[in-house]
Amino acid sequence: MRAYQVLSSVRPRLLLIPLCVALAVGCGDDGGTDPTEGTDGPANPGVPVPRQDGDPALGREVFRFETFNNERFFTDALRLGAGLTAAGVTPLQLLELGVNVDVDALPADLRQTLTAELQADPSGGTSALLNDPAMTAAFFNANAVIGLPIKDSNGDGVLDMAAGDKVGTSCALCHTRADDGALLNVPNAGSIGPRGDGLATHNLDFGRLMASAANSRALYPLLQLSLSANGGSTLGRAPTGLTENSSEADVDAYLSNPQFYPIGMFDDTFDGNGDPMHNAPLFRQDLAAPFGSEGTFEKLDQFSNLVYTGLFDPTTLTTPGGRAFLSLLGGAAGTEIADDYVQVLAATGVTGYPYVTAAPAAPGQDAPLGIRVDDTKLFAMNAYLAGLPAPSGMGGSADGRQLFRTVGCTECHNVDQGRTVPTFIVPMATIFPGDAPDTLAQRMPPLNPVVNTPSSPFDDKMAVVNASIRGDIRGTALPLLLDLARKPVFLHDNSVLTLNALLDPARGAAAPHPFYLTDPTQRAQVVAFLQGLDTSD
């Protein structure tokens with residue numbers, strides 16, 4: 001109990017968010033365009049926890065290149081570079097995995113050659129450079145592969161993978177695109193162009209990228225598992241879970257299957273569940289709160305610290321602090337994950353872990369695993385992400401705006417996207433009326449029991465990790481309604497393909513986010529309004 005009391009930062013609370021009944025049954029039949037009607041947002045939006053900011057210039061470098069030594073995990077444990085080299089992956093194939101390349105980081109002679117080749121063939125299909133596996137290392141050595149920075153591990157002042165320099169990962173992998181003004185834009189995949197920091201990488205095939213590594217088994221806690229503590233059952237999109245005895249081929253098959261690990265998603269919980277969520281933008285984080293789609297963290301730097309100390313080096317889960325956190329969340333299942341992971345690491349020859357450079361810290365929201373990376377860098381990245389501008393909207397509709405104000409949307413969302421997103425957690429019964437979960441395990445209150453609705457992946461993300469960890473409720477945090485015109489799928493589980501489909505009552509009253517407009521014209525107006533939103537509205 002004491003461990004939980006340290007972790008929890010607020011007392012339990014219940015926020016009663018009115019269900020937008022008018023939307024659920026079909027609304028807007030009166031037109032919804034009377035400017036004297038409607039509201040601009042929730043009556044009680046809550047107050048964000050104050051953010052501590054540092055130097056945004058340093059924050060940019062942290063966001064783009066900081067690894068806190070995770071290059072040792074990605075190179076020595078996961079062996080991503082070795083896998084890419086052994087498979088003969090070309091720069092074009094790397095782009096086809098949704099990875100982006102910073103054109104401005106490429107050496108001048110390489111950029112000149114590539115420009116000429118793409119002028120002759122804009123697809124890159126006949127480019128000698130892009131189809132040469134040897135050039136992949138040249139892209140890495142130039143630190144041009146966005147989100148996969150190379151470090152001068154041997155200290156010789158030269159970046160060279162072949163000489164022993166190691167490649168890690170940074171936040172930019174999932175939150176930077178290079179498609180605006182791109183030299184090459186591979187359809188539905190990656191681009192070679194100027195960096196667009198903070199933009200969600202909707203086309204990153206993270207699963208297949210990780211399957212390219214020589215030892216993808218090193219990701220064990222982030223995979224969909226079948227645990228003895230749970231009677232061998234599994235939770236996720238795959239019909240069967242992986243175990244500590246699963247082969248490299250088994251793990252690669254899971255990661256490479258878009259039905260199990262969809263494109264544009266990343267599994268950001270080490271709970272043994274297969275619950276990847278769609279990559280989210282990280283611009284204008286001064287407007288966002290709480291953090292994580294399930295609202296686990298009140299502060300951005302708390303979320304960032306867990307990414308660096310756990311997700312980018314999951315071997316920390318085998319430490320006393322990591323084990324305590326897993327046990328807190330999952331009891332015997334959490335202990336089993338840690339024990340099995342030690343077995344997997346030993347079987348695959350991984351030694352010398354954990355790798356992340358972090359200092360001991362009191363377990364809690366600031367340091368769930370009992371360690372925290374450099375606050376100066378975390379606060380600097382706070383400032384950088386808070387100041388990143390949001391893209392301009394595409395379109396707009398005055399009629400759609402007024403419908404949004406009058407048909408119930410503003411029970412949860414603001415009209416003005418320059419205002420802070422409401423901070424409350426939307427209860428699962430509101431956001432997903434079809435939620436009919438089975439209880440899988442009891443936990444010490446205020447943690448809610450581990451529950452899951454077998455017929456839907458929507459609530460998998462909140463089965464173990466959710467806002468009850470800080471004394472709030474199981475549900476979803478509200479997103480920024482920005483850059484929606486370029487978003488290819490909707491809801492965190494990728495379950496809705498278009499904004500029009502999201503608002504179409506054909507999805508049913510029990511579906512996730514069942515707030516609809518029955519009239520197709522009105523639906524199109526609201527879609528146009530949403531696609532046109534930016535922080536000037």
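Residues numbered from 1 in each chain as written. Predicted model: local features only at pLDDT ≥ 70, side-chain atom pairs only at ≥ 80, totals over all residues. Heavy atoms only, no water.

Chemist: Please clarify how the overall build of the protein chain should be interpreted in this entry.
Modeler: Broken down by element type, the protein chain carries 19 helices and 15 strands. Relative to the compact-globule value of 24 Å for 537 residues, the protein chain shows a C-alpha radius of gyration of 23 Å, a close match. Seen through its principal axes, the protein chain has C-alpha atoms that stretch 70 × 60 × 45 Å. For the protein chain, the residues scored as buried account for 56% of the 537 residues in total. Surface summary for the protein chain: the accessible area is close to 20,000 Å², and the carbon and sulfur share equals 55%. A gap of 5 Å separates the mean positions of the 32 positive and 59 negative side-chain charges of the protein chain. (Helix = DSSP H or I, 4+ residues; strand = E, 2+ residues; numbered from the N terminus. Rg over C-alpha atoms; globule rule 2.2 N^0.38 Å. Buried < 20%, exposed > 50% of the residue type's maximum accessible area, 1.4 Å probe, protein only. Areas by Shrake-Rupley, 256 points an atom, 1.4 Å probe, with all protein chains shown as cover. Lys, Arg positive; Asp, Glu negative; His and termini not counted. Charge placed at Lys NZ, Arg CZ, Asp CG, Glu CD.)

Chemist: Quick question: what am I supposed to make of the packing of helix α16 (residues 398-406) against helix α19 (residues 520-531) here?
Modeler: The geometry of a pair of packed helices is captured by two quantities: the angle between their axes and the separation between those axes. Interaxial distance between α16 and α19 falls to 7 Å at its minimum, and their mutual angle equals 95°. Considered as vectors, α16 and α19 are oriented roughly perpendicular to each other. Contacts between α16 and α19 involve D399, G400, R401, L403 and F404 from the first element and Q522, Q525, V526, F529 and L530 from the second. Its residues assigned to classes, the contact of α16 with α19 shows five nonpolar, three polar and two charged. (Axes fitted to C-alpha atoms, helices over the stretch in contact; angles between N-to-C directions. Parallel < 35°, antiparallel > 145°, perpendicular 65-115°, else oblique. Contact = heavy atoms within 4.5 Å. Nonpolar A, V, L, I, M, F, W, Y, C, P; charged D, E, K, R; others polar.)

Chemist: How do you make sense of the pattern of salt bridges when you look at a structure like this?
Modeler: Side-chain pairs of opposite charge can arise where the charged atoms are in close proximity. According to the stated counting rule, one finds 23 salt bridges in the structure shown. Measuring nitrogen to oxygen at the nearest pair gives 3.0 Å for the salt bridge that ties R195 to D102. In this pair, R195 is assigned in the loop between β6 (191-193) and β7 (196-197) and D102 in strand β1 (residues 101-102), connecting sequence segments 93 residues apart. Across the pair, exposure class does not vary: R195 and D102 are buried alike. With a closest N to O distance of 3.1 Å, D179 and R177 form a salt bridge. Residue classification places R177 among the buried residues on the basis of a relative accessible area of 7%. Residues joined by salt bridges that share partners form a network here, namely R72, D76 and K166. (Salt bridge = Lys/Arg side-chain N within 4 Å of Asp/Glu carboxyl O.)

Chemist: Sorry if this is basic, but what is going on with the packing of helix α3 (residues 56-65) against helix α15 (residues 375-387) here?
Modeler: Running from N to C, α3 and α15 point in directions that differ by 100°, and their axes come no closer than 7 Å. Comparing the axis directions of α3 and α15 gives the class roughly perpendicular. Contacts from P56, L58, G59, R60, V62, F63 and R64 in α3 reach T376, K377, A380, M381, A383, Y384 and L385 in α15. By residue class, the composition of the contact of α3 with α15 is nine nonpolar, two polar and three charged.

Chemist: Honestly, the nonpolar core in this entry has me stumped. Any pointers?
Modeler: I192 and L530 are the most contacted members of the largest nonpolar core, which has 139 residues in total. Among the elements that take part in this core, helix α14 (residues 332-347) stands out by supplying six residues, more than any other. Apart from residues no more than four positions distant in its own chain, L530 is found in contact with F404, L481, L484, L499 and L503. (Core = buried A, V, L, I, M, F, W, Y, C linked by side-chain atoms within 4.5 Å.)

Chemist: Explain the packing of aromatic side chains to me, please; I cannot follow it from the model alone.
Modeler: Within this structure, the stated rule accounts for 13 aromatic pairs. Plain terms: the ring middles of F206 and F266 are 4.8 Å apart, the flat faces sit at 70° to each other, and that makes the pair edge-to-face. Taken together, the positions of F206 in helix α10 (residues 206-211) and F266 in strand β8 (residues 265-266) put the pair 60 residues apart, joining distant regions of the chain. Both residues of the pair, F206 and F266, count as buried. Here Y308 and F312 contribute two aromatic rings whose centre-to-centre distance is 5.8 Å and whose plane-to-plane angle is 80°, an arrangement assigned as edge-to-face. The class for Y308 is buried, based on a relative accessible area of 0%. Taken together, the ring pairs connect F206, Y254, F260, Y261 and F266 into an aromatic cluster. Lying over the aromatic face of F490, K487 brings its terminal NZ or CZ to 4.9 Å of the ring centre. (Phe/Tyr/Trp six-rings, centres within 6.5 Å; stacked < 30°, edge-to-face > 60°. Lys NZ or Arg CZ within 6 Å of the ring centre and 35° of its normal.)

Chemist: Help me out: how do you make sense of empty space enclosed by the protein in this one?
Modeler: Over the atoms rolls a probe the size of a water molecule, and in doing so it shows where empty space is left. By the definition in use, this model includes six cavities of 30 Å³ or more. In this structure, the second largest cavity is lined by 17 residues; those nearest its centre are D268, T269, F297, L306 and V465. Of all the secondary-structure elements, those providing two or more residues to the lining of the second largest cavity are α12 (300-311) and α13 (320-330). Ranked by residues supplied to the lining of the second largest cavity, first place goes to α12 with four residues. Residues belonging to the lining of the second largest cavity are distributed by class as follows: eleven nonpolar, three polar and three charged. (1 Å grid on protein atoms, 1.4 Å probe; cavity = no way out; pocket = protein on both sides within 12 Å on 5 of 7 lines; lining within 4 Å. Points joined across faces, edges and corners; volume = space filled by probe spheres on them.)

Chemist: I'm lost on the confidence of the model for the protein chain in this one. Help?
Modeler: Close reading of the predicted structure is inappropriate where its pLDDT is low. For the protein chain, per-residue confidence averages 93 on the pLDDT scale, and 93% of positions sit at 70 or higher. Counted against residues more than four places away or in other chains, residues 1-31, with its pLDDT under 50, gives 77 contacts. (pLDDT = per-residue confidence, 0-100.)

Chemist: Honestly, the sheet that holds β6 in this entry has me stumped. Any pointers?
Modeler: What links the strands of a sheet is backbone hydrogen bonding, and the strands pair in either a parallel or an antiparallel sense. With respect to topology, three strands assemble into an open sheet ordered β1-β6-β5, the strand pairing being mixed. Both edges of this open sheet fall to β1 and β5 (184-185), since each of them pairs with a single strand only. With two bridges connecting them, β1 and β6 associate as parallel partners. Bridge pairing in β6 places D102 opposite G193. (Pairing = 2+ DSSP bridges.)

Chemist: Would you take a moment to explain the environment of G400 for this structure?
Modeler: Looking at the element boundaries, G400 is found in helix α16. Taking the C-alpha atoms as reference points, G400 and P262, 138 residues apart in sequence, are found 31 Å from one another. What G400 contacts, discounting residues up to four positions off in sequence, is Q525, V526 and F529.

Chemist: Would you take a moment to explain helix α8 (residues 134-141) for this structure?
Modeler: Each α-helix turn comprises 3.6 residues. Residues three or four places apart therefore point the same way. Those residues of α8 lying buried are M135, T136, F139 and F140. Down the axis of α8, the buried set is contained in an arc of 150°. They therefore lie on one face. Looking one or two residues beyond α8, the residue adopting positive phi is N143, at roughly 55°. (Arc of directions from axis to C-beta.)

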